[in-house]
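Observations on the model geometry
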Amino acid sequence: MAPAFFRPIDQSAPPSPTKRHTKVSIVGAGNVGMAIAQTILTQDLVDELALVDAKPDTLRGEMLDLQHAAAFLPRTRISASVDYAITTGSDLCIVTAGARQIAGESRLNLLQRNLALFSEIIPGLARHSPDSILLIVSNPVDVLTYVAWKLSGFPPNRVIGSGTNLDSSRFRFLISNHLDVNTQDVQAYIVGEHGDSSVALWSSISVGGVPLLSFLEKQEIAYEKETLEKIRKVVVGSPYEVIRLKGYTSWAIGYSVASLARTLLRDQRRIHPVSVIAKGFYGIEGGDVFLSLPALLGRSGVLAVTNVHLTEEEAQQLRDSAKTILEVQNQLGV
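Everything numeric here is computed off the predicted structure, so don't read it as measured data.

Right, let's talk about the nonpolar core for a bit. Val24, Ile40, Leu92 and Ile94 are the most contacted members of the largest nonpolar core, which has 82 residues in total. If near-sequence neighbours (up to four positions away) are discounted, Ile40 is found in contact with Val24, Leu45, Val46, Ile94, Ala258 and Ala261. Formed by 11 residues, the second largest nonpolar core is a distinct cluster that contains Val186, Ile190, Val207 and Val235.

What follows is about the pattern of salt bridges. According to the stated counting rule, one finds 6 salt bridges in the structure shown. When the shortest N-O distance is used, the salt bridge between Glu241 and Arg244 registers 3.2 Å. On the criterion of helical spacing, the pair formed by Glu241 and Arg244 is a turn pair, its members being 3 residues apart in helix 7 (residues 225–246). Note that Arg319 and Glu312 form a salt bridge whose closest N and O atoms lie 2.7 Å from each other. Residue class for Glu312 comes out exposed when judged on its relative accessible area of 55%.

Moving on: helix 9 (residues 312–332). Here helix 9 contains 21 residues, and its C-alpha end-to-end distance of 31 Å stays within 8% of the 30 Å for a straight helix at 1.5 Å per residue. Considered for burial, the residues of helix 9 that qualify are Glu314, Ala315, Leu318, Arg319, Ser321, Ala322, Ile325, Leu326, Val328, Gln329 and Leu332. Taken from the residues just after helix 9, Gly333 is the one with a positive phi, measuring 70°.

Looking now at the side chain of Ser152. Assignment of secondary structure puts Ser152 in helix 4 (residues 141–152). A polar side-chain atom of Ser152 sits 2.9 Å from the main-chain carbonyl oxygen of Ala148. Separated by 3.2 Å, the side chain of Ser152 and the backbone oxygen of Trp149 make a polar contact.

Turning to the packing of helix 1 (residues 31–42) against helix 8 (residues 251–265), a few remarks are in order. Two elements in contact, helix 1 and helix 8, have axes whose closest approach is 8 Å; the angle formed by their N-to-C orientations is 50°. Considered as vectors, helix 1 and helix 8 are oriented oblique to each other. For the pair helix 1 and helix 8, the sense of crossing is right-handed. Facing Val32, Ala35, Ile36, Gln38, Thr39 and Ile40 of helix 1, the residues of helix 8 in contact are Trp251, Ile253, Gly254, Tyr255, Val257, Ala258 and Ala261. Here the residues of the contact of helix 1 with helix 8 are counted per class, giving 10 nonpolar, 3 polar and no charged.

Cut-off values and rules
Residues numbered from 1 in each chain as written. Predicted model: local features only at pLDDT ≥ 70, side-chain atom pairs only at ≥ 80, totals over all residues. Heavy atoms only, no water. Core = buried A, V, L, I, M, F, W, Y, C linked by side-chain atoms within 4.5 Å. Buried < 20%, exposed > 50% of the residue type's maximum accessible area, 1.4 Å probe, protein only. Contact = heavy atoms within 4.5 Å. Salt bridge = Lys/Arg side-chain N within 4 Å of Asp/Glu carboxyl O. Helix = DSSP H or I, 4+ residues; strand = E, 2+ residues; numbered from the N terminus. Expected span 1.5 Å × (residues − 1). Polar contact = N/O pair within 3.5 Å; in protein donor to acceptor, adjacent residues only side chain to side chain. Axes fitted to C-alpha atoms, helices over the stretch in contact; angles between N-to-C directions. Parallel < 35°, antiparallel > 145°, perpendicular 65-115°, else oblique. Left-handed = near helix turned anticlockwise from the far one by under 90°. Nonpolar A, V, L, I, M, F, W, Y, C, P; charged D, E, K, R; others polar.

Quick look at the structure:
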């Protein structure tokens, strides 16, 4: 028998039972999934990272590529498999897998294909990690978060969609760029659908603690609603511009989801605009629907929804956004 490389200390005690081992699983090893994996690794958020994908060769290649960077990263066990058993005991399961839209294909048909895909993914994750939080990134994210909630049987606080977390970051960037201030000093939210019917909460924007619209009014600086709406449309169109230029989006969503993972796993109790069950908030009625609202997040998932003051126009736009999502949802028959 070969001599041991290390000699144990005499009379050592076993590891503390309170020591926490954090595990995250990512389903989908495409550009988005791998950007999230890379960002989570570099930010030292987990002890173990499991990757799942339907393509075994690509999956193994991505796993090896990350493992080979071990000398430059915080110590993390990285594993990969086509079998969902590898996700067992996850604290957080991130789903990025989804069917791509074929040219000329209707949104509803794409949703039906994603529904079939989720019917395989979600029950497997729920079975192997019944106490985990599900974070859905696949698009259309609001409807698929609802689907994940239904298929998992999880309480709604443990099923979250990435929603408008990234849209709000783009929104804050545009405002900060215009005012030449740090983006982190801008408080601004895009809520509602992650898509065309999203709502920009202009009435609650503040820069360095100063309410933006009140400041403009006090300084008698004229602004038009059309100008504000143009900025919102730039936010909605931003990912399409990136896709046109480089073929896909990856880095921004990677950082966005890693920020959500940090808040959830480390119980940061930060407020993020993410897709949550919205029935009963801001007058939204008529059925269970997931859309983005400013939510307080922590170790148990969604802790609460922030009671942000909305103008009546903003509240109505939010209710209209909910109706848009519900109409699509009802056609799925989930």
